[in-house]
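# Coordinate analysis (summary)
The residues making up each chain are set out below.
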Amino acid sequence: APRFNAQTKVLNHAVNGATLESLSKKLDALIQLKPDYVLIQFGHNDQKRYGTDVYSTHLKSYVDRVRTAGIKPIIVSSVTSRTFDKNGKIVSTMAKTEKFTFKADLTSYAEMAKTVASDNKVPFIDLHAMILDDPELSEVPKQIIRERRCNAEWALVQQMELLAGRFEQIDD
């Protein structure tokens, strides 16, 4: 069955490498389009630039701006990185790589996103935990990530029906 009808329009304003700070003006442009919902998902690039306290402040600002425009915000935690432990399980506790020293591990940003959503009574989709905790969501993408050397977000598109079910659980 089709997931959307002819009245549904999806606007993807995501930008690879963006942070909450760097996409602030793009949020203003999106708000002008007056969508019904805005999904807010950041963390990967934010963790390279500032700590969870600054991340929280920026995330709350997005929620406030979206709500002020009469739009419903939904916070989505970051997908995991393509980092595996010795048993092949996806992990998200990396604080340093060859290229970057992060301000905190990605799980800390996902937890902060959850806190901001809870404090502001915003629907929250914990994509981060879903990937870490749900074998059905993690095993196939893990295989795709390894074989095709792609990121977790792209791999999860392959599991879209499972993820779409999470959206159906959100009350309007």
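### Notes on the pairing of strand β1 (residues 37-40)
- Every second residue of β1 is oriented toward a common face, the buried set being Val 38 and Ile 40 and the non-buried set Tyr 37 and Leu 39.
- The pairing of β1 with strand β2 (residues 72-76) spans four bridges and is classified as parallel. Each bridged residue has a counterpart across the sheet, and for Ile 40 the counterpart in β2 is Ile 75.

### Some thoughts on the pattern of salt bridges
- Applying the stated rule across the entire model yields two salt bridges.
- With a closest N to O distance of 2.6 Å, Asp 28 and Arg 65 form a salt bridge. You can see Asp 28 sitting in helix α1 (residues 24-32) and its partner Arg 65 sitting in helix α3 (residues 52-68), a full 37 residues away along the chain.
- Take Arg 65: its relative accessible area is 23%, and that puts it in the partly exposed class.
- Between Lys 60 and Asp 64 there is a salt bridge; the shortest N-O distance is 2.8 Å. A residue pair is termed a helical-turn pair when its members lie 3 or 4 positions apart in one helix, as Lys 60 and Asp 64 do in helix α3 at four residues.
- Residue Lys 60 is classed as partly exposed on the basis of its relative accessible area, which comes to 35%.
- Exposure remark for Asp 64: the relative accessible area of 32% places this residue in the partly exposed category.

### Focus: the sheet that holds strand β3 (residues 124-125)
- The parallel open sheet is built from three strands, whose spatial order is β1-β2-β3. Two strands lie at the open edges of the sheet, namely β1 and β3, each paired on one side alone.
- Each of β1 and β2 touches α3; the most contacted strand, β2, lies at about 155° to it.

### Considering α1
- Looking at α1, one finds that the buried residues are Leu 27, Leu 30 and Ile 31. Down the axis of α1, the buried side of the element spans an arc of 100°, and every buried residue falls inside it. Exposed residues lying more than 90 degrees from the buried face of α1 are Lys 25 and Gln 32.
- In this fold, the buried residues of α1 make contact with β1 and α3.
- Note on α1: the residue one or two positions beyond its end, Lys 34, has a positive phi of about 55°.

### Observations regarding the packing of α3 against helix α4 (residues 106-119)
- At a minimum axis distance of 10 Å, the contact between α3 and α4 shows a crossing angle of 40°. In terms of orientation, α3 lies oblique with respect to α4. Between α3 and α4 lies a crossing of right-handed hand. Of α4, the residues touching α3 (which contributes Thr 52, Tyr 55, Ser 56, Leu 59 and Lys 60) are Ser 108, Tyr 109, Met 112, Ala 113 and Val 116.
- Split by residue class, the contact of α3 with α4 holds six nonpolar, three polar and one charged.

### What about the packing of aromatic side chains?
- A full pass over the atoms with the stated rule returns two aromatic pairs.
- Summarising the aromatic geometry, the rings of Phe 42 and Tyr 62 are spaced 5.6 Å apart at their centres and angled 75° between planes, so their arrangement reads as edge-to-face. Separated by 20 residues along the polypeptide, Phe 42 in the loop between β1 and α2 (46-49) and Tyr 62 in helix α3 bring together distant segments of the chain. Accessibility classification places Phe 42 together with Tyr 62 in one group, the buried group.
- Residue placement shows Arg 65 over the ring face of Tyr 62; its charged tip is 5.5 Å from the ring centre.

### Quick word on unusual backbone geometry
- Even without a glycine there, the phi angle at Lys 34 is positive, about 55°.
- Relative to the helices and strands, Lys 34 resides in the loop between α1 and β1.
- Classification of Lys 34 as exposed rests on a relative accessible area of 51%.
- Non-glycine residue Lys 121 carries a positive phi angle of around 55°.
- Its location among the elements puts Lys 121 in the loop between α4 and β3.

What counts, and where the lines are drawn
- Residues numbered from 1 in each chain as written.
- Predicted model: local features only at pLDDT ≥ 70, side-chain atom pairs only at ≥ 80, totals over all residues.
- Heavy atoms only, no water.
- Buried < 20%, exposed > 50% of the residue type's maximum accessible area, 1.4 Å probe, protein only.
- Helix = DSSP H or I, 4+ residues; strand = E, 2+ residues; numbered from the N terminus.
- Pairing = 2+ DSSP bridges.
- Salt bridge = Lys/Arg side-chain N within 4 Å of Asp/Glu carboxyl O.
- Contact = heavy atoms within 4.5 Å.
- Axes fitted to C-alpha atoms, helices over the stretch in contact; angles between N-to-C directions.
- Arc of directions from axis to C-beta.
- Parallel < 35°, antiparallel > 145°, perpendicular 65-115°, else oblique.
- Left-handed = near helix turned anticlockwise from the far one by under 90°.
- Nonpolar A, V, L, I, M, F, W, Y, C, P; charged D, E, K, R; others polar.
- Phe/Tyr/Trp six-rings, centres within 6.5 Å; stacked < 30°, edge-to-face > 60°.
- Lys NZ or Arg CZ within 6 Å of the ring centre and 35° of its normal.

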